[in-house]
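# Secondary and tertiary structure notes
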Amino acid sequence: MARWRDGTGTLTITDRDGVTETHVPLRIAASFRHRTRGLLGRDGVDGALMITPCGSVHSFRMRFAIDVAYLDGRFNVLEIHTMRPGRLGLPRPRGRHVIEAEAGAMAAWGMRPGSQVRIVQHAVDG
């Protein structure tokens, strides 16, 4: 099992035919401090944010609508929901990670329930 750290990475989504890959810049929030902050106070997100470990999210104090993908421990997409600001998501018992992006982004990337995604964390100096 990977030990995630706050930082950057790449989210890769492969289409159903296994032909086309979409690569998305990713911020990783693994510490309590970064998981708690998430996208709060931002006007948008370039790419996506992975919150790990995480089984539920909220959009209180958010400034924009977001797509939320719940992933299991093997990075299979369990569910995707669009959340307007001021909403509380239900806990997903099998959820281990959450990917957040601006509303509509995940459909444009071809991400859907049943997809398996790949996440590569970039090297962390230190």
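A few points on the structure. (Residues numbered from 1 in each chain as written. Predicted model: local features only at pLDDT ≥ 70, side-chain atom pairs only at ≥ 80, totals over all residues. Heavy atoms only, no water.)

### A look at the side chain of D67
Inclusion rule: Each helix is a run of H or I in the DSSP string that is no shorter than four residues. Each strand is a run of E no shorter than two, and both are numbered from the N terminus. What qualifies as a polar contact is a pair of N or O atoms within 3.5 Å, subject to a donor-acceptor requirement within protein and to the restriction that residues adjacent in sequence count only when both atoms come from side chains. Residues count as neighbours in contact if any of their non-hydrogen atoms are within 4.5 Å of one another.
For D67, the position within the fold is in strand β4 (residues 66-71). A distance of 2.8 Å separates a polar atom in the side chain of D67 from a polar atom in the side chain of T82. Of note is the side chain of D67, whose polar atom sits 2.9 Å from the backbone nitrogen of G104. Apart from residues lying up to four places away in sequence, D67 is in contact with H81, T82, I99, E100, A101, E102, A103, G104, A105, M106 and A107.

### Focus on the sheet that holds strand β7 (residues 117-121)
Test applied: For two strands to pair, DSSP has to find at least two bridges joining them. Only C-alpha atoms enter the line fits that serve as axes; for helices the fit covers just the stretch in contact. Angles between N-to-C directions range over 0 to 180 degrees.
In space, the seven strands of this open sheet follow the order β5-β4-β6-β3-β2-β1-β7, with mixed pairing throughout. The sheet is open, and its two borders are formed by β5 (77-83) and β7, each paired with just one other strand. Shown here is a sheet whose adjacent strand axes are inclined to one another by a mean of 30°, direction ignored. Of the strand pairs in this sheet, strand β2 (residues 21-29) and strand β3 (residues 48-51) are connected by four bridges, and their pairing is parallel. Its bridge partner lying in β3, L26 is registered against A48.

### Looking at the pattern of salt bridges
Let me state the cut-off plainly: Salt bridges are identified by distance alone: a Lys or Arg side-chain nitrogen within 4 Å of an Asp or Glu carboxyl oxygen. Partly exposed describes any residue whose relative accessible area lies between the buried limit of under 20% and the exposed limit of over 50%, with all areas from a 1.4 Å probe on protein chains only and scaled to the type maximum.
On inspection of all chains with the given rule, the structure shows three salt bridges. Residues D43 and R63 are paired through a salt bridge, measuring 2.9 Å at the closest nitrogen-oxygen approach. Of this pair, D43 sits in the loop between α1 (32-37) and β3 while R63 sits in the loop between β3 and β4; the two residues are 20 residues apart in sequence, bridging distant segments of the chain. In this structure D43 comes out as exposed when scored by relative accessible area, which is 65%.

### Comments concerning the side chain of S115
If you trace the backbone, S115 turns up in the loop between α2 (105-109) and β7. The exposure class assigned to S115 is buried, which follows from its relative accessible area of 10%. From its side chain, S115 meets the backbone oxygen of R112 in a polar contact 2.9 Å long. Contact partners of S115, with chain neighbours within four places excluded, come to F75, N76, V77 and G110.

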